[in-house]
Amino acid sequence: MGVDIRVEELSKSFGKQLIWGDVTLTIPAGEVSVMLGPSGTGKSVFLKTLIGLLKPDKGSVIIEGTDIASCSEKDLYEIRKLFGVLFQDGAMFGSMNLFDNVAFPLREHTKKGESEIRNIVMEKMDLVGLIGAEDKLPGEISGGMRKRAGLARALVLDPEILLIDEPDSGLDPVRTSFINQLFIDLNAQIDATFLIVTHDINSTRTVPDNIGLLYHKHLAMFGPREMLLSSEEPVVRQFLNAQTVGPIGMSEEKDADELAAEKDIEMPPLPPIPLQLEPSNGIPRRSQRPAGEWCRTNGITPPPGSFESSNAGLTPGS
Amino acid sequence: MASLTTSRALAPIGTAGKLFAFGLDVGRGLFRRPFQLREFLQQAWFIASVTIVPTALVAIPFGAVIALQVGGLIKQFGAQSFTGSAAVLAVVREAGPIATSLLIAGAGGSAIAADLGARKIREELDAMMVLGIDPIQRLVVPRVLACMLVAVFLNGLVSVVGVIGGYVFNVVLQDGTPGAYLASFTALAQLPDLWQGMAKALVFGLIAAIVACYKGMNAGGGPKGVGDAVNESVVITFMLLFVVNFVMSAIYMQLVPPKTG
Ligand SMILES: Nc1ncnc2c1ncn2[C@@H]1O[C@H](COP(=O)(O)OP(=O)(O)O)[C@@H](O)[C@H]1O
Ligand SMILES: [Mg+2]
């Protein structure tokens, strides 16, 4: 049924370079959350800190009462069994074919026989649409296929938490839609906690239950999707709506002059909030909330046209 | 500013420390079961396949050059009867281990660093750790052992090929007599010479593999990072091996008394 991840005052730097500081949030159990941020803001570093591949300078990451940041190596290996991780390029083992890659965790961590392993692997390969490619080597297939194979491998031990690094990078829009739909269907099916890291705004607007925005070395905001999509906060507003007007510039930061010049410019009106992506079988997910519920309970009037279609407010052509 | 300079100046010490710590991790991994026999055999085969031919090709001129130099020198002393012995001594004691180290570092080590570096930037190593597998036990230990095994083997190869090369050179080109060359074999050389050559080869294989694995596993920043890692691993290994060779030779000279005529 998924477990939550409590992150408290987490900071990470490499040498003197601070990547992000004082990140505090709780990723709710069983829900789909997206962490959005421009390239190079340390999203991958964040994921790696959550699974203890990188040690933070400060703060804690608590999963089922264990602090990943300070626990022993042995506890770490134990707690990692709760995780499935999909790395940016799939991270398939280059010397094994896809079948052996997906079977790898089963062979390492379970005493299952080969025929049972075969059934499980084939089931997961089917889930990600890779039936027929079992004998291919990772070097012989496209990036999108590697990602899906990585997803199959991440799913094979029935994880409670699924961490996914940039599932949409290097994929065309159609494939991106397919993989997004796959995440929603998977969440409906296995109820695991999903954390997807991305810089794709369209996915962020339609897929998750919660959105976080990592920007300028800190967590700008984290909360329910409707909260961020209706937020008036300039950074959140600019990023989630892919606008050029706002505090984010082409370079990491706009300089003071540019900001001063923009101070009086009205930001364009908020685009309508799209409907959330639903499972393809039409049965709502356990963590799914009715469209507009958050806005109603918090007395926020959503932008006009909200919750009317599933592609409202998306940047056209992508 | 001062602290910056200090930290720059001290950086190599930090690296040496990390390398040493990595070596200790490998040492611990050595005793962790299950031993990765398959990986070990594959790696041993692979390293041997990239080093055997160049080693043989290097060993022949090595043996010839030594026969030439030593032969010429010995003629001036009027001690031609020791030519064979001197060549054996030089090849088995020094040339064998040195040629072995060059090839293990240059061909074997660079291949290891490139392989692990590529896995590192493809995040394969991270994926492994997340799946609860320790890459040191799974990948590094078999490579280190394979490298040591192949180094000893190559050392033997260099010795044999070098001595034969020296023989051919001496007999064919320097008008030495085959009998004298062979007869003098045992005059100065002794069995411990062979052991120390092997001991050196073992240590060289160990160092080359540990440096290569360390550099590969810490490659960063895309494909260029892998290239840099390979480059650095070869350079560092060369420097270490020549120093270690000197130290081991010096110790050997102290421990084992030279054989007299
Ligand atoms: N192992 C590392 N050592 C030093 N710097 C690193 C390391 N990993 C990442 N960085 C730096 O951290 C920053 C964030 O990287 P990353 O998490 O990959 O960004 P994102 O995934 O958001 O695009 C980059 O500036 C990168 O250079
Ligand atoms: Mg990244």
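As a reminder, the structure under discussion sits directly above these lines.
Residues numbered from 1 in each chain as written. Chains lettered and ligands numbered in written order. Predicted model: local features only at pLDDT ≥ 70, side-chain atom pairs only at ≥ 80, totals over all residues. Heavy atoms only, no water.

(A) Geometry of helix α4 (residues 114-127) of chain A. All names here are of chain A. If you check α4, its first and last C-alpha atoms are 20 Å apart, about what 14 residues at 1.5 Å a residue would give, namely 20 Å. Regarding α4, the residues found buried are Ile117, Ile120, Val121, Met122, Lys124 and Met125. Gly129 sits one or two residues past α4 and shows a positive phi near 70°. (Helix = DSSP H or I, 4+ residues; strand = E, 2+ residues; numbered from the N terminus. Expected span 1.5 Å × (residues − 1). Buried < 20%, exposed > 50% of the residue type's maximum accessible area, 1.4 Å probe, protein only.)

(B) Representation of the packing of aromatic side chains. All chains considered together, the criterion is met by five aromatic pairs over all chains. For the ring pair Trp20 of chain A and Phe46 of chain A, a centre distance of 5.6 Å and an interplane angle of 80° mean the geometry is edge-to-face. Here Trp20 of chain A is found in strand β2 (residues 17-27), whereas its partner Phe46 of chain A is found in helix α1 (residues 43-50), with 26 residues between them in sequence. For Phe46 of chain A, a relative accessible area of 1% gives the class buried. Relative to Phe40 of chain B, the ring of Phe35 of chain B lies with its centre 5.8 Å away and its plane at 55°, an arrangement referred to as tilted. Since its relative accessible area comes to 31%, Phe35 of chain B is described here as partly exposed. (Phe/Tyr/Trp six-rings, centres within 6.5 Å; stacked < 30°, edge-to-face > 60°.)

(C) Quick look at the interface of chain A and chain B. Each partner contributes residues to the interface: chain A has 19 residues there, and chain B has 14 residues. Here chain A and chain B share an interface that buries about 1,500 Å² over both sides, 61% of which is from carbon and sulfur atoms. Taken together, chain A and chain B are joined by three salt bridges. Among the salt bridges present, the one from Glu123 of chain B reaches Lys48 of chain A, with a minimum N-O distance of 3.0 Å. (Contact = heavy atoms within 4.5 Å. Buried area = accessible area lost by both parts, 1.4 Å probe. Salt bridge = Lys/Arg side-chain N within 4 Å of Asp/Glu carboxyl O.)

(D) Seen up close, the packing of helix α8 (residues 191-217) of chain B against helix α9 (residues 222-255) of chain B. Residues and elements named next belong to chain B. As a packed pair, α8 and α9 sit with axes 9 Å apart at the nearest point and diverge in direction by 155°. In terms of their interaxial angle, α8 and α9 are classed as roughly antiparallel. Relative to α9, the crossing made by α8 is right-handed. Facing Pro192, Asp193, Gln196, Ala199, Lys200, Val203, Phe204, Ile207, Ala208, Val211, Ala212 and Lys215 of α8, the residues of α9 in contact are Ala229, Glu232, Ser233, Ile236, Thr237, Leu240, Leu241, Val244, Asn245, Met248, Ser249 and Tyr252. When grouped by side-chain class, the residues that make up the contact of α8 with α9 number 15 nonpolar, five polar and four charged. (Axes fitted to C-alpha atoms, helices over the stretch in contact; angles between N-to-C directions. Parallel < 35°, antiparallel > 145°, perpendicular 65-115°, else oblique. Left-handed = near helix turned anticlockwise from the far one by under 90°. Nonpolar A, V, L, I, M, F, W, Y, C, P; charged D, E, K, R; others polar.)

(E) Summary view of the nonpolar core. All names here are of chain A. Counting 79 residues, the largest nonpolar core has Phe46 and Ile63 as its most contacted members. In this structure, Phe46 is in contact with Val7, Leu10, Trp20, Val23, Leu25, Met35 and Leu195, ignoring residues within four places of it in sequence. Counting 36 residues, the second largest nonpolar core, distinct from the first, contains Met92, Leu151, Leu162 and Ile179. (Core = buried A, V, L, I, M, F, W, Y, C linked by side-chain atoms within 4.5 Å.)

(F) Structural view of the pattern of salt bridges. Residues and elements named next belong to chain A. Tallying each qualifying case throughout the model produces 27 salt bridges over all chains. Linking Arg107 and Glu114 is a salt bridge whose minimum nitrogen-to-oxygen distance equals 3.0 Å. In this structure Glu114 comes out as partly exposed when scored by relative accessible area, which is 47%. A salt bridge links Lys124 to Asp158; the shortest N-O distance between them is 3.6 Å. Remark: Asp158 occurs in the loop between α5 (143-155) and β7 (161-165) and Lys124 occurs in helix α4; sequence separation between them is 34 residues.

(G) Quick look at the site of ligand 1. Residue and element names in this part refer to chain A. By nearness alone, every residue bordering ligand 1 is listed as Phe14, Gln17, Ile19, Ser39, Gly40, Thr41, Gly42, Lys43, Ser44 and Val45. With respect to ligand 1, the backbone of Gly42 contributes an N or O atom lying 3.1 Å from an oxygen atom. Interatomic distance of 2.8 Å between a backbone N/O atom of Lys43 and an oxygen atom of ligand 1. Burial of ligand 1 by the protein amounts to 57% of the accessible area it has alone, namely 570 Å². Here the shell around ligand 1 takes three residues from α1, the largest share from any one element. In terms of residue class, the shell around ligand 1 is built from three nonpolar, six polar and one charged. (Near = heavy atom within 4 Å. Polar contact = N/O pair within 3.5 Å; in protein donor to acceptor, adjacent residues only side chain to side chain. Areas by Shrake-Rupley, 256 points an atom, 1.4 Å probe, with all protein chains shown as cover.)

(H) Main features of the packing of helix α3 (residues 98-109) of chain A against α5 of chain A. Residues and elements named next belong to chain A. Look at α3 against α5: their axes get within 7 Å of each other, and the N-to-C directions meet at 25°. Relative to α5, α3 is oriented roughly parallel. In this structure, α3 meets α5 at a crossing whose hand is right-handed. Mapping the contact onto sequence places Leu98, Asn101, Val102 and Pro105 in α3 and Ala149, Ala152 and Arg153 in α5.

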